[in-house]
Amino acid sequence: MRLGRPGEETLPRGSFKALAVTVLLSALMFQLLRIVGLRAFSMASETYTSGTHSAAFVTCPNDTVAKELARGIVQRKLAACVNVVPAVTSIYEWQGQIEEDSEVLLMIKTRSSKVAALAEFVRSNHPYEVAEVISLPIDQGNPPYLKWIGDVVPDQ
């Protein structure tokens, strides 16, 4: 059955629903594509030189030590952010014996130029005889986040 005046060409009844759904989805997709496009432009417009920042890792014997070190690191602007990751199991050799301990891991985001000062701060304030302080250069990441690290942590 067709709707409309006799003698006029009209759309089949189901076509109107399809047209309405198409218009509605198009409006929603426009907003989604606009948001994605703006984010992509924001990320592409920021520049970052590979290795400018580093992610450093430090293990601690417990949550109290981990949080004290983390606060001291951020307060001294040795890092922009320190994540405290609880309940890490470490298996390692120490003084000829295989050891297993529950530790807390610090994931530290900083400028590469601050790693030496960060390591010195950790060595001076950590209870372990040999504190773990290792770092890896950040090759890529979310440009606004990497910019934030650079804004928070002054260059030496």
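Residues numbered from 1 in each chain as written. Predicted model: local features only at pLDDT ≥ 70, side-chain atom pairs only at ≥ 80, totals over all residues. Heavy atoms only, no water.

Once that is clear, we can look at the packing of helix 2 (residues 63-75) against helix 3 (residues 115-125). Interhelical geometry of helix 2 versus helix 3 gives an angle of 145° and a closest axis separation of 11 Å. In this structure, the crossing between helix 2 and helix 3 has a hand that is right-handed. Residues Leu 69, Gly 72 and Ile 73 of helix 2 form the contact with helix 3, whose participating residues are Leu 118, Phe 121, Val 122 and Asn 125. Along the lines of polarity and charge, the residues of the contact of helix 2 with helix 3 split into 5 nonpolar, 2 polar and no charged. (Axes fitted to C-alpha atoms, helices over the stretch in contact; angles between N-to-C directions. Helix = DSSP H or I, 4+ residues; strand = E, 2+ residues; numbered from the N terminus. Left-handed = near helix turned anticlockwise from the far one by under 90°. Contact = heavy atoms within 4.5 Å. Nonpolar A, V, L, I, M, F, W, Y, C, P; charged D, E, K, R; others polar.)

Both strand 2 (residues 81-94) and strand 3 (residues 97-111) contribute to a ladder of 12 bridges, which runs antiparallel. When the bridges of strand 3 are listed, Thr 89 appears paired with Ser 102. Joining the antiparallel neighbours strand 2 and strand 3 is a turn of 2 residues, in which Gln 95 adopts a positive phi near 50°. (Pairing = 2+ DSSP bridges.)

This brings us to the sheet that holds strand 4 (residues 134-137). Pairing between the strands of a sheet comes from backbone hydrogen bonds, and it takes one of two forms, parallel or antiparallel. Ordered by their spatial adjacency, 4 strands build an open sheet running 2-3-1-4, and the pairing between neighbours is antiparallel. Whereas interior strands pair on both sides, the edge strands pair on one side only; in this sheet they are strand 2 and strand 4. The average undirected angle you get between the axes of adjacent strands in this sheet is 30°. Alignment of strand 1 (residues 53-60) against strand 4, held across 4 bridges, turns out to be antiparallel. Of the residues in strand 4, the one forming a bridge with Ala 56 is Ser 135. Running at roughly 135° to strand 3, helix 3 makes contact with strand 1, strand 3 and strand 4 of the sheet. Helix 4 (residues 143-152) rests against strand 1, strand 2 and strand 3 of the sheet, and its axis sits at about 90° to strand 3.

Below, the discussion takes up the pattern of salt bridges. In total, this model carries 3 salt bridges according to the counting rule given. The partner of Asp 63 in a salt bridge is Lys 67, and the shortest N-O contact between them spans 3.2 Å. Residue Asp 63 and its partner Lys 67 are located together in helix 2, separated by 4 residues, close to a single helical turn. Residue Lys 67 is classed as partly exposed on the basis of its relative accessible area of 42%. (Salt bridge = Lys/Arg side-chain N within 4 Å of Asp/Glu carboxyl O. Buried < 20%, exposed > 50% of the residue type's maximum accessible area, 1.4 Å probe, protein only.)

One can find Ser 90 in strand 2. Owing to a relative accessible area of 13%, Ser 90 belongs among the buried residues under this scheme. In terms of polar contacts, Ser 90 uses its side chain to reach the side chain of Glu 103, at 2.4 Å. Discounting residues that sit within four places of it in the chain, Ser 90 has contacts with Glu 99, Glu 100, Asp 101 and Glu 103. (Polar contact = N/O pair within 3.5 Å; in protein donor to acceptor, adjacent residues only side chain to side chain.)

Before going further, it helps to examine unusual backbone geometry. The residue Lys 77 is not glycine, and still its phi comes out positive at about 60°. Assignment of secondary structure puts Lys 77 in the loop between helix 2 and strand 2. Of the residues examined, Lys 77 reaches a relative accessible area of 41% and is grouped as partly exposed.

Within the largest apolar cluster, 17 residues are counted, with the highest numbers of intra-cluster contacts made by Cys 60, Ile 73, Val 82, Leu 106, Ile 108 and Leu 118. Elements with a minimum of two residues in this core: strand 1, helix 2, strand 3 and helix 3. Grouped together as the second largest cluster of nonpolar side chains are 6 residues, Ala 55, Ile 138, Leu 146 and Ile 149 included. (Core = buried A, V, L, I, M, F, W, Y, C linked by side-chain atoms within 4.5 Å.)

Now for helix 3. Looking at helix 3, one finds that the buried residues are Val 115, Leu 118, Ala 119, Phe 121 and Val 122. Across the axial projection of helix 3, the buried residues extend over an arc of 160°, all falling on one side. When the buried face of helix 3 is taken as reference, the exposed residues oriented beyond 90 degrees from it are Ala 116 and Arg 123. Packing partners of the buried residues in helix 3 comprise strand 1, helix 2, strand 3 and strand 4. (Arc of directions from axis to C-beta.)

Taken by themselves, the reported measurements are silent on function.
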